[in-house]
Amino acid sequence: MATAVRRVAVLGATGSIGRQALEVIDASPTLEVCAFSSGSSPLNALASAHGAEHVQVGGDLAALLDACEPDIVLNAVVGFAGVGATLWALEHGVTLALANKESLVAAGDLAVAAWGRGGGLLLPVDSEHSAVFQCLEGRSREIVDSVVLTASGGPFRNRSLAELESVKVEEALAHPTWSMGPKITVDSATLANKGLELIEAHFLFGIPYERIEVVVHPTSVVHAVVRFRDGAALAHLGYPDMRVPISFALGYPDRPETPIPSLDLAAGMTLEFEAPDLQRFPLLRLAREAGVRGGTYPCAFNAANEVAVAAFLERRIGFLDIATLVEGALAEATGTAAGDLDELVEADADARRLTEGRLAAA
Ligand SMILES: NC(=O)c1ccc[n+]([C@@H]2O[C@H](COP(=O)([O-])OP(=O)(O)OC[C@H]3O[C@@H](n4cnc5c(N)ncnc54)[C@H](OP(=O)(O)O)[C@@H]3O)[C@@H](O)[C@H]2O)c1
């Protein structure tokens, strides 16, 4: 029997994940694109090359998804702008391949509720979460002791606090193991990315924060580890290449072939791990605190971080100022839980205003 072709809405198609997803889709006989979106980049050439009927530059992604009725939504938008699409897919029970971690961080409670109502699949594209998903698959949470997310440590793993004062934008954009869009690359350098992933893991897997650990693992070969109550642990290993988790999510549950080589252990591979330094990388601590406080604190963390990273990329502030701004905004935020998307959008806007105010005063 022929396998049905599944129609994918590729949101954030012009970005790093979007372009790699297109490679995966082009190589698959069972996937086709039905829609493309971008923030501001033109899409017409891409759409005609892939036969996508629906395109949208900026604007309301829910309207695009209503129009194209996809089988899979690949959310590879960067930032809070991806929230509407995440909630749309979860509410409609449409399979969501989620790269846009910010949406689950900002809208975690609303997203989990929508997922419960919609009852569809939520497949993480983040490599660490894809790894946890695979280690947990088919196992009850009761037997899980804890989850470990690995972090490469970024380009500044060995820099002193004094050296971090003066790092340049170009240095922050030179990631040692992953090639990614500018926002997540800076987040990886500050470890805010791992903070976002910690909150993302909490909502994705329903695991309390105290059972989610972050360890630094410079070569990014082990993506995650799940420890079980009997003392055993399962790890997920692979070369760092996002086409693997993208392919896993879009091809689920078939685990299609990819061009990525299998792991060559005999070639001499060392696996090193160390605890993250929360003194030099306070955004990981701030994310954990925001997650534990709950309500819209994670939303405020995300919003303040987005504003601060944009200011760093525009060279308006230094590298360490990113954490200072986020800490200040979190101290002022009310954290009041959001009952719906409008309230969440308000909390996001409030945190942005607080951060912009601090930026202007600096
Ligand atoms: N890159 C990775 O390896 C990686 C790994 C794990 C998770 N992720 C996550 O995946 C997401 C995308 O990351 P990326 O590295 O692919 O980012 P990216 O290269 O910067 O691409 C972002 C995409 O989002 C679009 N976009 C930007 N602002 C938008 C807005 N306001 N409304 C709608 N669309 C907008 C961009 O369109 P324009 O071209 O018009 O700007 C682009 O298509 C992020 O949440 C990131 O954390 C990425």
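One can find the structure itself at the top, above this paragraph.
All of the points below concern the structure found in this document. Bear in mind that the values here come from a model prediction, so they are computed numbers and not experimental data.

Rules and cut-offs
Residues numbered from 1 in each chain as written. Predicted model: local features only at pLDDT ≥ 70, side-chain atom pairs only at ≥ 80, totals over all residues. Heavy atoms only, no water. Helix = DSSP H or I, 4+ residues; strand = E, 2+ residues; numbered from the N terminus. Rg over C-alpha atoms; globule rule 2.2 N^0.38 Å. Buried < 20%, exposed > 50% of the residue type's maximum accessible area, 1.4 Å probe, protein only. Contact = heavy atoms within 4.5 Å. Areas by Shrake-Rupley, 256 points an atom, 1.4 Å probe, with all protein chains shown as cover. Lys, Arg positive; Asp, Glu negative; His and termini not counted. Charge placed at Lys NZ, Arg CZ, Asp CG, Glu CD. Phe/Tyr/Trp six-rings, centres within 6.5 Å; stacked < 30°, edge-to-face > 60°. Near = heavy atom within 4 Å. Polar contact = N/O pair within 3.5 Å; in protein donor to acceptor, adjacent residues only side chain to side chain. Nonpolar A, V, L, I, M, F, W, Y, C, P; charged D, E, K, R; others polar. Pairing = 2+ DSSP bridges. Axes fitted to C-alpha atoms, helices over the stretch in contact; angles between N-to-C directions. Salt bridge = Lys/Arg side-chain N within 4 Å of Asp/Glu carboxyl O.

1. Description of the overall build of the protein
Part 1 of the reasoning: When helices and strands are tallied, the protein shows 16 helices and ten strands.
Part 2 of the reasoning: Taking 2.2 N^0.38 as the reference for a compact globule, 362 residues should give roughly 21 Å; the C-alpha atoms of the protein span a radius of gyration of 20 Å, in line with that estimate.
Part 3 of the reasoning: Summarising its shape, the C-alpha atoms of the protein cover approximately 60 × 50 × 40 Å along the three principal directions.
Part 4 of the reasoning: Looking at the protein as a whole, 54% of its 362 residues qualify as buried.
Part 5 of the reasoning: Looking at the protein alone, contacts between residues at least 24 apart form 69% of all its contacts between residues at least 6 apart.
Part 6 of the reasoning: Within the structure as shown, the protein displays about 15,500 Å² of accessible surface, and the carbon and sulfur contribution to it stands at 53%.
Part 7 of the reasoning: Each charge class in the protein was averaged separately, 26 positive and 46 negative side chains, and the resulting centres sit 4 Å apart.

2. What about helix H1 (residues 16-26)?
Part 1 of the reasoning: For H1, the buried fraction is high: eight of the eleven residues fall into the buried class.
Part 2 of the reasoning: Every buried residue of H1 is accounted for by Ser 16, Ile 17, Gly 18, Gln 20, Ala 21, Leu 22, Val 24 and Ile 25.

3. Here we look at the packing of aromatic side chains
Part 1 of the reasoning: In the structure shown here, the tally under the stated rule is five aromatic pairs.
Part 2 of the reasoning: An angle of 70° between the planes, with centres 6.1 Å apart, marks the rings of Phe 133 and Phe 248 as edge-to-face. Taken as a pair, Phe 133 in helix H7 (residues 127-136) and Phe 248 in helix H12 (residues 243-251) lie far apart in primary sequence, 115 residues in all. An identical accessibility class is assigned to Phe 133 and Phe 248; each is buried.
Part 3 of the reasoning: Here Phe 312 and Phe 319 contribute two aromatic rings whose centre-to-centre distance is 5.8 Å and whose plane-to-plane angle is 70°, an arrangement assigned as edge-to-face.

4. Thoughts on the site of the ligand
Part 1 of the reasoning: Around the ligand, 24 residues are found, and the nearest of them are Thr 14, Ser 40, Ser 41, Glu 102 and Gly 181.
Part 2 of the reasoning: Ser 16 places a polar main-chain atom, nitrogen or oxygen, 2.9 Å from an oxygen atom of the ligand.
Part 3 of the reasoning: Between an oxygen atom of the ligand and a main-chain N or O atom of Ile 17, the distance comes to 2.9 Å.
Part 4 of the reasoning: Going through the elements one at a time, H1, helix H5 (101-106) and helix H10 (182-190) are the ones with two or more residues in the shell around the ligand.
Part 5 of the reasoning: Counted by class, the shell around the ligand contains eleven nonpolar, ten polar and three charged residues.

5. Topic: the sheet that holds strand E7 (residues 144-151)
Sheets are built from strands paired through backbone hydrogen bonds, the pairs being either parallel or antiparallel.
Part 1 of the reasoning: Spatial ordering of the open sheet is given by E8-E7-E9-E10, a layout of four strands whose pairing is mixed. In the strand order of this sheet, the two ends are held by strand E8 (212-216) and strand E10 (233-237), each with one partner. The average undirected angle you get between the axes of adjacent strands in this sheet is 20°.
Part 2 of the reasoning: The pairing of E7 with strand E9 (residues 222-228) spans five bridges and is antiparallel. In the sheet register, Leu 149 faces E9, and the bridge partner there is Ala 224.
Part 3 of the reasoning: Seen against the sheet, helix H11 (residues 192-205) touches E7 and E8 and runs at an angle of roughly 150° to E7.

6. Focus on the pattern of salt bridges
For side chains bearing opposite charge, pairing can occur when the charged atoms are close.
Part 1 of the reasoning: Evaluated as defined, the whole model comprises 22 salt bridges.
Part 2 of the reasoning: We note a salt bridge from Glu 170 to Arg 315, for which the minimum N-O separation is 2.8 Å. Taken together, the positions of Glu 170 in helix H9 (residues 169-172) and Arg 315 in the loop between helix H14 (297-313) and helix H15 (319-332) put the pair 145 residues apart, joining distant regions of the chain.
Part 3 of the reasoning: Owing to a relative accessible area of 53%, Arg 315 belongs among the exposed residues under this scheme.

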